[in-house]
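A closer look at the structure
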Amino acid sequence: MIKISPLRKRQFIGGVLGLGLGISIFYLLTLDMTEQYVSIGPMNTGHQELSCFTCHADAKGNLLQQVQSNISHSFGIRKEGVDFGTQDVTVDNCLQCHDRPNDRHPTYRFSEPRFSEAIKNIDATTCITCHTEHQEERVSVASINYCMNCHQELEVENDPLDISHKALIDQKSWFTCIQCHDFHGNHKYEVPEKLTDTIPMHIIQNYFNGGDDPYGTDKKYIALSQEDWVKTLEK
């Protein structure tokens, strides 16, 4: 009879317990009740009622298949890796709730060659450039002078503003754009004709940080709620 040393026995028991504990923790973290512990941060303004699965869909294949595929990729056997656990969040996830036919700056437009230089400075082909999730805010872009990347040559016929757009551009007053115009053009409101009547910058910044909407609550299109989003999936 082969005698197993006490050390080997303890190692075996420890390995089994460790494996069981690891599997249990992994399982618990996949439950809805533990979402707040898995999340890397609080949801952005307006997304508080969304659950993780709204954006983070399960990756294709089971866990073992995902591990095998990514190991094969790391050794050069497979050309591309695969999503592990959940699929990467893309602009398509955002458009499931925020797709608007009237969008002044739709993401697909910035894939056109004429914007190739602009997106080197700010990648407007994806929503998360300006709306990084889990920051507990509304807009997370570092600087709001982004209009300078596309509108250097802007000309406004019969310019109604008391200080012309051309003058503001010459002065490089790019922060004033957002004081008059909401980026996506989804608000219904009267654009001011005097620079002194525009929305003050501190109020704009407060709005970006999650505060009240200075452009008003009258919108052309309302984003889908999670309940409505789930109904669209069931159809």
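Residues numbered from 1 in each chain as written. Predicted model: local features only at pLDDT ≥ 70, side-chain atom pairs only at ≥ 80, totals over all residues. Heavy atoms only, no water.

Okay, the overall build of the protein chain next. Along the backbone of the protein chain there are 9 helices and 0 strands. When the helices and strands of the protein chain are placed in sequence order, the string is α-α-α-α-α-α-α-α-α. Split into buried and exposed, the 235 residues of the protein chain put 23% on the buried side. Across the protein chain, the fraction of contacts at a sequence separation of at least 24, relative to all contacts at a separation of at least 6, is 63%. (Helix = DSSP H or I, 4+ residues; strand = E, 2+ residues; numbered from the N terminus. Buried < 20%, exposed > 50% of the residue type's maximum accessible area, 1.4 Å probe, protein only. Contact = heavy atoms within 4.5 Å.)

Looking now at helix α4 (residues 91-98). Taken together, the buried positions of α4 are V91, N93, C94 and C97. For α4, the arc enclosing every buried residue in end-on projection is 155°, short of the 170-degree limit, so these residues lie on one face. (Arc of directions from axis to C-beta.)

Counted under the stated rule, the structure contains 4 salt bridges. In this structure, R100 engages D103 in a salt bridge whose closest nitrogen and oxygen atoms are separated by 3.8 Å. Grouping residues by exposure puts R100 and D103 together as buried. Between E117 and K120 there is a salt bridge, and its shortest N-O distance comes to 3.0 Å. Comparing E117 with K120, the two get one shared label, exposed. (Salt bridge = Lys/Arg side-chain N within 4 Å of Asp/Glu carboxyl O.)

This part takes up the nonpolar core. Among the nonpolar cores identified, the biggest contains 15 residues, and V141, I144, Y146, I178, I204, F208 and Y215 are the most heavily contacted of them. In terms of residues, this core owes the most to one element, helix α8 (residues 201-208), which gives 3 residues. Setting aside residues up to four positions removed in sequence, Y146 forms contacts with I122, V141, I178, F183 and F208. (Core = buried A, V, L, I, M, F, W, Y, C linked by side-chain atoms within 4.5 Å.)

What follows is about a negative patch on the surface. Among the surface-exposed residues, D162, E190, E193 and D197 lie close enough to one another that they form a single negatively charged patch. As for its placement among the helices and strands, E193 is situated in the loop between α7 (177-180) and α8. (Patch = residues over 30% accessible without salt bridge, like charges linked within 9 Å, V, L, I, M, F, W, Y side chains within 5 Å. Areas by Shrake-Rupley, 256 points an atom, 1.4 Å probe, with all protein chains shown as cover. Lys, Arg positive; Asp, Glu negative; His and termini not counted. Charge placed at Lys NZ, Arg CZ, Asp CG, Glu CD.)

All right, on to the confidence of the model for the protein chain then. Detailed reading of the predicted model is not advised wherever pLDDT is low. Summing up the model confidence of the protein chain, the mean pLDDT is 85 and the portion of residues at 70 or higher is 85%. Taken element by element, the predicted model of the protein chain shows its lowest mean pLDDT in helix α2 (residues 35-38) (60) and its highest in helix α6 (residues 165-170) (95). (pLDDT = per-residue confidence, 0-100.)

A few words now on unusual backbone geometry. Residues apart from glycine generally show negative phi values, whereas peptide bonds are mostly found in trans. At E136, a residue that is not glycine, the phi angle is positive and equals roughly 55°. Here E136 shows up in the loop between α5 (118-121) and α6. Located in the positive-phi region is K172, a residue other than glycine, with phi close to 55°. Within the secondary structure layout, K172 lies in the loop between α6 and α7. Take K172: its relative accessible area is 60%, and that puts it in the exposed class.

Attention now moves to the packing of aromatic side chains. The description of two aromatic rings rests on the distance between their centres and on the angle between their planes. The tally for this structure, following the rule as stated, stands at 5 aromatic pairs. Taken together, a centroid distance of 5.8 Å and an interplanar angle of 80° make the contact between Y207 and Y215 edge-to-face. Neither residue differs from the other here; Y207 and Y215 are each classed as buried. Among the aromatic residues, those joined into a cluster by ring pairs are Y189, Y207, F208 and Y215. (Phe/Tyr/Trp six-rings, centres within 6.5 Å; stacked < 30°, edge-to-face > 60°.)

Moving on: a nonpolar patch on the surface. Taken together, the side chains of L63, V67, I71, F75, I77 and F84 present a nonpolar region at the surface, about 630 Å² in accessible area. With respect to the helices and strands, I71 occurs in helix α3 (residues 63-74).

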